[in-house]
Every structure is written in C-alpha cells, then in structure tokens.
Amino acid sequence: GEKNYVTAPSTAAGWVASGAGITVATDSTAADLPRPNTSKTGILLTGVSGSTAYAYYRFILDDADAGKKLKVQFDMKPGTAVASDFKVDVYSNTASDYTTGNTRLVMSTDVSAVSALPALTGTYRTTFDAPAVSAKYIELRIGMNATATHTLVVSDVIVGPGTVTQGAAVSEWQTYTGTITATGGGTVAIGTG
C-alpha cells in the first residue's frame, strides 16, 4: 500500500470540528457512502451555520517528505451538498500546538485560493507542495464554503507522497547519422541526431 498520514481514513477518529458551525461523525449508512461495498463507513460532515467552519485532521510531516509534492485524495458523496458548498485546505504550522505560522498551502485545484468541492460521487484528488521541516505540523481541513446546512460524506482519505509509477524507459544519449541511398547509387548524409 501507499504511505498515508491519515490513520483512520474512513472514520471520524482524529477529526475535530472547528466550532459549532459544523459537525463531524462516522456514518455507516450504506446509501450515504461513496464506496458502500468496500468501505463500510465514512466521515459525515454537516454544515450547521456560517461559512467558515471546518473539520480538521492533524499530523506531523516526516522529514523525508518535507519539500515534496504530496497528494490529498478521498472518495466523496454529497448528501444534500451542491457544488462549492464545501472546500478542502491544507495548512502548515511551525508550532506543535498548531497556533504559530498558520499558513495555507497552495493546492493544484485552487481557483482564487479556494479548492471548492464539486457535487459528485467519486474520487477527488489535489496536490500541494509540502513545507520545510520547520513548518511540519500539518492540518487537513474539509469545511464550509457557503452558508448551508448541507451534508457530505468522504471516505478513504489519503494524504501522502502517492504511489510512484513506472514511466517511460530512458537510456543514455545515442548518436545516429542517417543516410539516404541516392538513385543510381551512393549515399547522402542527412545530419546527426
């Protein structure tokens, strides 16, 4: 499997609501889940009030991942949510109590510094550049982007460097001089590549 900073990717364990504007709970109702046959639970996010509330999951970045491109991926199924009701953010902090150097990291899905979630059942994926070791206290947030009392269920949450795939086979430079056989004999050099 691949490395994942989220230790319970399909339950509310480790997730905390930022305040009264959102609730976070484990959902086991098959009809609510994005993957009811393979992930028997999901993380239910319910907007209560306001548009700034979020649920967060905190972890400490390994030194080996500092400065690398990391991904955030999860499966999602909107309950009553419509497009852009919810958003995803990643913040880095320089203090272990997550109160110092609180900086939002740029995400590949940002539009005007917001990664709003679509209203789809499927897999959502984005990437971000991990900070330096000095800001290794990371907070993944999924929260409100609109004032609505809508619901969203996510499961199989992954934050990590991803699985490395094999690319094209590449070898060292090979010098080649092409030739064309002229009519009536002889050859003509066409250049070196």
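Coordinates for the structure precede this section.
Residues numbered from 1 in each chain as written. Predicted model: local features only at pLDDT ≥ 70, side-chain atom pairs only at ≥ 80, totals over all residues. Heavy atoms only, no water.

1. Considering the packing of aromatic side chains
Tallying each qualifying case throughout the model produces five aromatic pairs. With centroids separated by 5.6 Å and ring planes inclined at 50 degrees, the aromatic side chains of Trp 15 and Tyr 57 adopt a geometry described as tilted. With Trp 15 in strand β1 (residues 15-17) and Tyr 57 in strand β4 (residues 54-60), the pair connects residues that are 42 residues apart, well separated along the chain. Grouping residues by exposure puts Trp 15 and Tyr 57 together as buried. Here the guanidinium or amino end of Arg 141 rests over the ring plane of Tyr 91, the centre of that ring lying 3.8 Å away. (Phe/Tyr/Trp six-rings, centres within 6.5 Å; stacked < 30°, edge-to-face > 60°. Helix = DSSP H or I, 4+ residues; strand = E, 2+ residues; numbered from the N terminus. Buried < 20%, exposed > 50% of the residue type's maximum accessible area, 1.4 Å probe, protein only. Lys NZ or Arg CZ within 6 Å of the ring centre and 35° of its normal.)

2. Side note on the environment of Ser 10
Tracing the chain through its elements places Ser 10 in the segment before β1. Between the alpha carbons of Ser 10 and Leu 44 there is a distance of 9.7 Å; along the sequence they are 34 residues apart. Residues contacting Ser 10, with those up to four places away along its chain left out, are Ser 39, Thr 41, Gly 42, Ile 43, Ser 155 and Asp 156. (Contact = heavy atoms within 4.5 Å.)

3. Examining the pattern of salt bridges
Any two side chains of opposite charge can pair if their charged atoms end up close together. For the coordinates displayed, the defined rule picks out 11 salt bridges. Among the ionic pairs, Asp 75 bridges to Arg 35, the shortest N-O distance being 2.6 Å. In this pair, Asp 75 is assigned in strand β5 (residues 69-78) and Arg 35 in the loop between β2 (22-27) and β3 (42-47), connecting sequence segments 40 residues apart. By relative accessible area, Asp 75 is classed as buried at 7%. Between Asp 65 and Lys 68 there is a salt bridge; the shortest N-O distance is 3.8 Å. Looking at Asp 65, the relative accessible area reads 3%, which means it is buried. A residue is classified by how much of its surface remains accessible, and Lys 68, at 40% relative accessible area, is partly exposed. Linked by salt bridges that have partners in common, Lys 3, Asp 62, Asp 65 and Lys 68 make up one network. (Salt bridge = Lys/Arg side-chain N within 4 Å of Asp/Glu carboxyl O.)

4. What about the side chain of Lys 71?
Secondary-structure assignment places Lys 71 in strand β5. With a relative accessible area of 13%, Lys 71 lands in the buried category. Here Glu 2 takes part through its side chain, which lies 3.1 Å from a polar atom of the side chain of Lys 71. A polar atom in the side chain of Lys 71 sits 3.3 Å from the side chain of Gln 73. Sequence-distant contacts of Lys 71, defined by excluding residues within four places in its chain, comprise Glu 2, Thr 126, Thr 127, Phe 128, Ile 158, Val 159, Gly 160 and Gly 162. (Polar contact = N/O pair within 3.5 Å; in protein donor to acceptor, adjacent residues only side chain to side chain.)

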